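# Topology and contacts: notes
What follows is the residue order along each chain.
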Number of protein chains: 2
Amino acid sequence: MTSLSKSLLARRDAVLGPNMSTFYQEPVHLVKGEGVWVWDHDGKKYLDCYNNVPHVGHCHPHVVKAMSDQAATLNTHTRYLHEGIVDYAEKLTATFDDPLNTALLCCTGSEANDVALRMAEAVTGKTGIIVTNHTYHGNTTAVSALSTTNPSKFGKSSHIRHVPAPDSYRPPEGDAGEYFAEQVKAKIAELEDSEHGFAALLIDPFFANEGFPDLPAGFLNATMKVVHDAGGILIADEVQPGFGRTGSHMWGHQYQGITPDVVTLGKPMGNGHPVAGVVTTAAIMHEFRTAFRYFNTFGGNPVSCATALAVLEVIEQEGLMQQAADVGAYAKGRLQELAEKHSVIGDVRGRGMFFGAELVTDRTTKAPATDYILRVIEELRNRGILLNKIGIHYNTLKIRPNLQFTRDDADLLIDTLDQVLSDVQP
Amino acid sequence: MTSLSKSLLARRDAVLGPNMSTFYQEPVHLVKGEGVWVWDHDGKKYLDCYNNVPHVGHCHPHVVKAMSDQAATLNTHTRYLHEGIVDYAEKLTATFDDPLNTALLCCTGSEANDVALRMAEAVTGKTGIIVTNHTYHGNTTAVSALSTTNPSKFGKSSHIRHVPAPDSYRPPEGDAGEYFAEQVKAKIAELEDSEHGFAALLIDPFFANEGFPDLPAGFLNATMKVVHDAGGILIADEVQPGFGRTGSHMWGHQYQGITPDVVTLGKPMGNGHPVAGVVTTAAIMHEFRTAFRYFNTFGGNPVSCATALAVLEVIEQEGLMQQAADVGAYAKGRLQELAEKHSVIGDVRGRGMFFGAELVTDRTTKAPATDYILRVIEELRNRGILLNKIGIHYNTLKIRPNLQFTRDDADLLIDTLDQVLSDVQP
């Protein structure tokens, strides 16, 4: 680490306090971004294969211009009428299947999930929530309590139940979808026997945090039925797979062939600008807005809406979903070739611009290469590639570049990974 | 309302759902803002005496440029090192008294208060919260439950206690500060007798939502002692009085002469950009970050920090605190003169760029002119002045312009109000 970065880190620790997590043993000190590239203060260039927030590319000029122009024209809250929020909400909801026709805009995916929980309560009159046992849905008090990966010192979550995260590499016997539905059903019964009752199942339909298992089409059908039969709702957290990342569909739940009751949106929505939202049916929105009073000062302001609209425009105009599908398939194919050479690669998974490989010390036992993957990630960083790990055992390479990622970028990534897997000894 | 606005309102209702509150019987349809002015789509110009979000003026060019330049350079989360968050947090905490030396950045005042509640829990191991009975602290599930003005269909707040809002126009017998402290003490005892225990008192030190009562200096001293003697902490919500609005001090708690344990910041911080924060002691930050894991993707990103830094620079460079003090005192003086002419003005209150008048139908009984004030606000809007009402009885004119408001603007406001109070018959 340079002395400049060291000094910055010391100042940061002093003014922001402890446990502000950074990536890598020595954090990367960034100063500039463009497209799929970021630069550190020393002029070193990195291929960003990880950051899903700058969804259509770091500092995309169309998005920056839309934001800057609106910021110079008007920014205000939604208690005045403004075209921006209406134009955006119409364009956004048009990408959803009926009856998901209404939207609520807020600032963060955490706020969106926090609202979704209240929608579930408004509709069902109950408060019990089911999530997987390896999930993360945000940082407010209410949604932070859901996350097994986000533990607090004080456990108070008698209204929360966890089901085992789907794991396509170590599958259960029988049909995976039926198995998951049975787990959910059992937890619904527990909640219905409690004072809380069952309100909602909240899942990322891509199960990104769980290690993005390869799930068969229709995996969630049985679960949807179980949830609805019990009078609950299904909330799909689209912060990871949303906005076309999977290539084949705009939303993760669409390739699963299901229509959730509530969908939450976050990170990629404004290419870095803090904008998020909840899309649901007119009926559920009505129930929520009757049961709870909700106003969000910054939510849906003209600048946020202009920025978010520009993101949708770029996805469409630049054909980025097609690019995500094409480049993602190409990169995944090259990863699969790499698996023939490196036995540490136990499984290759993913869709579109979210793919990766589970690293194991032994393909028979599938023992997670948890320490090894850390060294691989560090060495990739040394060679100018930024990515990370995820999954139930934290042994899966999480490769999630923004949608400007090309086949050339994929080649650079895979070639470098090939060398690193050869050079870094297990 | 024009046909364009009508059509927009219909589209809005369809795509955003019911109960999205708007101001006025016919909402104002805005297209442009500059300084203290906003324009509707019909070209009508309004003096904005209400919106505290564009704190240093609508579309302030220095703030817009800082935001735009950074957005075109780099925007990323805080798991990489970046100068922006450190520079900003240092400059921000320098405006606080010791030992308030550390900051956490997030996106909304609601998120800030949500974090503050967890800080209280981290420090005390308890969860009981005391607020006033006419307050609002935000929209997350946890903080929404605190607000008596934000009721939900489902009450579940056994850990929350309310004390009567201070009311300088209808004061209690004896010393107001001692009276408030006694109320807090009684509620602390109730909480300590419950399963929750007492964690924190959360107040706006300016009591804006309560109608910004004129409180004697040192009003909160006795309360601070009561809170600390019970092992709890005091959280000051500075979303309303913060960033120099009161003119005399950068923060509302400073003119009260107290140093809270935790301070939360929101609306004015980014002049409309969604940025917010929590400032506290190094010890409390340490307790929080040890007890809870907290990461906020958008919080403290380079664009938010560049924007927020520009706001601090404008306040300083343009002498806006001095302007808030000068113009606020002038406007309040003119309001007091108006009270000699219009008996409906029962009380004139405020500090700096947050002032107003409580309207009553009878100065002896102090009966709130609740219906009358609505007609006054509507007629002011017709004559190009935007403001609103607030307070325990919703009968206090809430005049809260941004800090670019001048004596000429104050004259226009007061002269128009004078005419409206003459023309609109009680």
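Residues numbered from 1 in each chain as written. Chains lettered and ligands numbered in written order. Predicted model: local features only at pLDDT ≥ 70, side-chain atom pairs only at ≥ 80, totals over all residues. Heavy atoms only, no water.

Basically, it comes down to this: UniProt positions are given in the numbering used here, feature names are shortened, and annotations may be inferred rather than shown by experiment.
As annotated in an unreviewed UniProt entry, chain A carries the name Aspartate aminotransferase family protein and is attributed to Neptunicoccus cionae. In the Cofactor (unreviewed entry) part of its UniProt record, chain A is described as follows: "pyridoxal 5'-phosphate". Chain A has a UniProt comment under Sequence similarities (unreviewed entry) that states "Belongs to the class-III pyridoxal-phosphate-dependent aminotransferase family."

## Examining the overall build of chain A
Quick note on the threshold: Only DSSP runs of H or I covering at least 4 residues are called helices, and only runs of E covering at least 2 are called strands; the numbering of each starts at the N terminus. Only protein chains enter the accessibility calculation, which uses a 1.4 Å probe; a residue is then buried when its area is under 20% of its type maximum, exposed when over 50%, and partly exposed in between. In this tally Asp and Glu are treated as negative and Lys and Arg as positive; neither His nor the chain ends contributes. Every charge is mapped to an atom, namely NZ of Lys, CZ of Arg, CG of Asp or CD of Glu.
Scanning chain A for helices and strands turns up 13 helices and 16 strands. Expressed as lengths along the three principal axes of its C-alpha atoms, the size of chain A is roughly 60 × 60 × 45 Å. Relative to its full complement of 426 residues, chain A shows a buried share of 64%. Chain A carries 36 positive and 50 negative side-chain charges, and their two centres are separated by 5 Å.

## With respect to the interface of chain A and chain B
Where we set the bar: Contacts are assigned to residue pairs that have any heavy atoms within 4.5 Å of one another. Two parts placed together each lose some accessible area; with a 1.4 Å probe, that loss summed over both constitutes the buried area. By definition here, a salt bridge exists when the distance from a side-chain nitrogen of Lys or Arg to a carboxyl oxygen of Asp or Glu is within 4 Å. In the analysis that follows, any N or O atom pair within 3.5 Å is treated as a polar contact, provided that within protein one partner can donate a hydrogen and the other can accept it, and provided that, for residues neighboring in sequence, both atoms belong to side chains. Amino acid classes used here: Ala, Val, Leu, Ile, Met, Phe, Trp, Tyr, Cys and Pro are nonpolar; Asp, Glu, Lys and Arg are charged; the rest, including Gly, are polar.
Taken together, the contact between chain A and chain B spans 99 residues of the former and 100 residues of the latter. Across the chain A to chain B interface the summed buried area is about 8700 Å²; carbon plus sulfur atoms make up 58%. Broken down residue by residue, the surface that chain A buries against chain B is led by Tyr80, Leu81 and Phe298 of chain A, which jointly contribute 10%. At the junction of chain A and chain B, the tally comes to four salt bridges. With its nearest N and O atoms 2.8 Å apart, the salt bridge here joins Glu90 of chain A to Arg11 of chain B. For the pair chain A and chain B, the interface holds 37 residue pairs in polar contact (both at pLDDT 80 or more). At the level of secondary structure, the elements contributing two or more residues to the side of chain A that touches chain B comprise helix 1 (3-16), strand 1 (30-34), helix 2 (61-71), helix 3 (83-93), strand 4 (102-106), helix 4 (109-124), helix 5 (141-144) and helix 9 (282-291) of chain A. Here the element with the most residues in the side of chain A that touches chain B is helix 1 of chain A; it accounts for nine residues. By residue class, the composition of the side of chain A that touches chain B is 44 nonpolar, 39 polar and 16 charged.

## Considering the nonpolar core
Put simply, the rule reads: Remark: nonpolar core denotes a set of buried residues (Ala, Val, Leu, Ile, Met, Phe, Trp, Tyr, Cys) joined through side-chain atoms within 4.5 Å.
Among the nonpolar cores identified, the biggest contains 80 residues, and Tyr88, Leu92, Phe243, Phe405 and Leu413 of chain B are the most heavily contacted of them. When residues of this core are assigned to their parent elements, the largest contribution, eight residues, is made by helix 10 (residues 302-317) of chain B. Residue contacts for Phe243 of chain B: discarding those within four places in its chain leaves His55, Tyr88, Leu92, Met250, Trp251, Leu265, Pro268, Met269, Leu312, Ile315 and Leu403 of chain B. Judged by nonpolar contacts, the second largest core, of 79 residues, contains Ala310, Leu387 and Leu397 of chain A together with Val15 of chain B.

## Focus on the packing of aromatic side chains
The geometry of two aromatic rings is summed up by the distance between their centres and the angle between their planes. Where we set the bar: In this analysis, rings of Phe, Tyr and Trp, with Trp reduced to its six-membered ring, are considered paired at centre separations within 6.5 Å, and the interplanar angle assigns stacked below 30 degrees, edge-to-face beyond 60, and tilted for intermediate values. Sitting over a ring, as applied to charges here, requires NZ of Lys or CZ of Arg to be within 6 Å of the ring centre and within 35 degrees of the ring normal.
Throughout the structure, instances matching the rule amount to 26 aromatic pairs over all chains. A ring pair is formed by Phe96 of chain A and Trp251 of chain A, whose centres lie 4.5 Å apart and whose planes are at 20 degrees; its orientation type is stacked. With Phe96 of chain A in the loop between helix 3 and strand 4 and Trp251 of chain A in the loop between strand 8 (233-237) and helix 8 (252-255), the pair connects residues that are 155 residues apart, well separated along the chain. In this structure Phe96 of chain A comes out as buried when scored by relative accessible area, which is 6%. With centroids separated by 6.0 Å and ring planes inclined at 10 degrees, the aromatic side chains of Phe206 of chain A and Phe212 of chain A adopt a geometry described as stacked. Grouped by ring-pair contacts, the aromatic residues Phe23, Tyr24 and Tyr50 of chain A together with Tyr80 of chain B constitute a single cluster. Cation over ring: Arg349 of chain A sits above Phe212 of chain A, and NZ or CZ is 5.7 Å from the ring centre. Of note, Lys32 of chain B hangs over the ring of Trp39 of chain B, and the distance from its end group to the ring centre comes to 4.4 Å.

## Focus on helix 7 (residues 221-229) of chain B
All names here are of chain B. Note the cut-off: Throughout, the arc means the angular range of directions from the helix axis out to the C-beta atoms.
Of all the positions in helix 7, only Thr223, Met224, Val226 and Val227 are classed as buried. End-on, the buried residues of helix 7 take up no more than an arc of 165 degrees, which puts them together on one face. Counted as exposed and oriented over 90 degrees from the buried face of helix 7: Lys225 and Asp229. On its buried side, helix 7 packs onto helix 6 (176-192), strand 7 (198-203) and strand 8 (233-237).

## Thoughts on the domain arrangement of chain A
Residue and element names in this part refer to chain A. Note the following rule: All domain edges in this entry derive from an automatic or database-based domain assignment.
Segmentation of chain A into domains returns domain 1 (3-56 + 319-423) and domain 2 (62-317). One C-alpha centre belongs to domain 1, the other to domain 2; they are set 26 Å apart. Opposite the 41 residues of domain 1 that make contact, domain 2 presents 38 residues. When the two sides are added together, the surface that domain 1 and domain 2 hide from each other amounts to roughly 3000 Å², 57% of it contributed by carbon and sulfur. Across the domain 1-domain 2 interface, the total number found is one salt bridge. Taking the shortest distance from any N to any O, the salt bridge between Arg170 and Glu358 comes out at 2.7 Å. Where domain 1 touches domain 2, the interface holds 19 residue pairs in polar contact (both at pLDDT 80 or more). Those elements giving two or more residues to the side of domain 1 that touches domain 2 turn out to be helix 11 (320-341), strand 11 (345-351), strand 12 (354-362) and strand 16 (396-398). No other element matches the six residues that strand 11 contributes to the side of domain 1 that touches domain 2. Counted by class, the side of domain 1 that touches domain 2 contains 19 nonpolar, 13 polar and nine charged residues.

## Side note on the sheet that holds strand 3 (residues 45-48) of chain B
Residue and element names in this part refer to chain B. What counts is decided by this rule: Note: two strands are recorded as paired if DSSP finds a minimum of 2 bridges between them.
As summarised here, the arrangement of the four strands in space is 1-2-3-14, forming an open sheet in which the pairing is mixed. Both edges of this open sheet fall to strand 1 (30-34) and strand 14 (385-386), since each of them pairs with a single strand only. Bridging between strand 3 and strand 14 involves two bridges; their strand directions are parallel. The residue bridging Leu47 from the neighbouring strand is Ile385, located in strand 14.

## Some thoughts on the environment of Leu201 of chain B
Residue and element names in this part refer to chain B. With respect to the helices, strands and loops of the structure, Leu201 is situated in strand 7. Residue Leu201 is classed as buried on the basis of its relative accessible area, which comes to 0%. With 92 residues separating them in the primary sequence, Leu201 and Arg293 have C-alpha atoms 23 Å apart. In contact with Leu201, other than residues within four places in its own chain, are Ile130, Val184, Thr223, Val227, Ile233, Leu234 and Ile235.

## Remarks on the pattern of salt bridges
Residue and element names in this part refer to chain B. All told, the structure shown has 36 salt bridges over all chains when counted by the stated rule. The shortest N-O distance in the salt bridge between Arg349 and Asp347 comes to 2.7 Å. The burial state of Arg349 is the same as that of Asp347; both residues are buried.

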